[in-house]
Amino acid sequence: MTDQLPIVITGAGGFLGRSLVEVMSGARPVRATDRCPLPGDGEVGDVAEPEFANQLLAGAGGIVISHMLSRAPGVYDHPKAPLEVNSIATATLLEAAVRAGCRKAVLISSTSVVDVHVRKGTYLEASLPFAPTDIYGLSKTLQEQIGSYYHHRHGIAVAILRPAYVTDEDSMTDKYGRHKQTVNWQFIDRRDIATAAMAALDLPDLGLETFFISGHPDSATHMDIATAKARLKWEPRHAFTSFPTDS
């Protein structure tokens, strides 16, 4: 990725998006966008709209797709809105990337795409088949499939990051404002997702690659985080070891 070209970050006003902007803007020019007003020079618009997506990707060196529909009660009771926001908007953005000559993308996905395996206690690795258990997981599965299509059809390099439980180690709160007192192998700090995303964009030979990422030391017995550490030269800085684990 050319250092002088901006990285587009979608969902930049969200819990994760704010950390992506904070971490990545320290090293690269950033073009932040959200549907809601943003501080500073953020661009407000609907990334599912082709005209706005084309404008957003013009001159970009990479994109981090981190927007998603709210998990408010009832939002995922029907597939229409989740698929439009989480999946169709991803296709619109990657189509705009093709047209703009932007060659690298990071998709912030989720372990929900293999949730059946998670619930069974199966060791998580990239070769597992998709197995979502709800509409949210379905929308993220389709997002990953869309990324695969644009890689194979148009040659865009795509890194898929699969975190599990995203929180903030300093405040021990998640994106819903819920405070946690115990932790488990699924915990990852939002800033560590940002450093993994930046490492993926910096990878000169990135293809279509899936990375499970977590911060808690126990995660190594549940998922393949070794690949992310080796391939991305990435280490989480937030291990949550000062907190008691779930019983």
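Relevant structure appears above.
The residue count restarts for each chain, going from 1 along the sequence in the order it is written. Residues qualify for local features only when their pLDDT is at least 70, as the model is predicted, and side-chain atom pairs are given and counted only at 80 or more; totals for whole chains, interfaces and linings, by contrast, use all residues. Calculated side-chain values reflect all of the structure's heavy atoms, with hydrogen atoms and water omitted.

Participant: Hey, could you run me through the pattern of salt bridges in this one?
Facilitator: Any two side chains of opposite charge can pair if their charged atoms end up close together. Counted as salt bridges are all cases of a side-chain nitrogen of Lys or Arg within 4 Å of a carboxyl oxygen of Asp or Glu. Using the criterion set out here, one finds 14 salt bridges in the structure. For Glu95, the salt bridge is made with Arg99, and the minimal N-O distance between the two is 3.4 Å. Taken as a pair, Glu95 and Arg99 lie in helix 3 (residues 80-100) at a separation of four residues, close to a single helical turn. Per-residue accessibility, obtained with a 1.4 Å probe over protein chains only, is compared with the maximum for each type, and a residue is labelled buried under 20%, exposed over 50%, and partly exposed between these values. Overall, Arg99 belongs to the exposed group, its relative accessible area being 63%. Arg191 is paired through a salt bridge with Asp170; the nearest N and O atoms lie 2.8 Å apart. Within this pair, whereas Arg191 is found in helix 6 (residues 190-202), its partner Asp170 is found in the loop between strand 7 (165-168) and strand 8 (173-174), the two being separated by 21 residues in sequence. Via salt bridges that share partners, Asp168, Asp170, Asp189, Arg190 and Arg191 belong to a single interconnected network. The secondary structure listing takes helices from DSSP runs of H or I that are at least 4 residues long and strands from runs of E that are at least 2 residues long, numbered from the N terminus.

Participant: It is not clear to me how the side chain of Thr33 should be interpreted in this structure. Could you clarify?
Facilitator: Position of Thr33 relative to the elements: it lies in strand 2 (residues 30-34). Any N or O atom pair separated by 3.5 Å or less is treated as a polar contact, with the protein-specific requirement of one donor-capable and one acceptor-capable atom, and with residues adjacent in sequence counted only for side-chain atom pairs. A distance of 2.7 Å separates a polar side-chain atom of Thr33 from the backbone oxygen of Glu43. Contacts of Thr33, omitting those with residues within four sequence positions, involve Ile9, Thr10, Gly11, Ala12, Leu38, Glu43, Gly45, Val47, Phe52 and Leu56. Contact between two residues is taken to exist if any of their heavy atoms lie within 4.5 Å; hydrogens are not considered.

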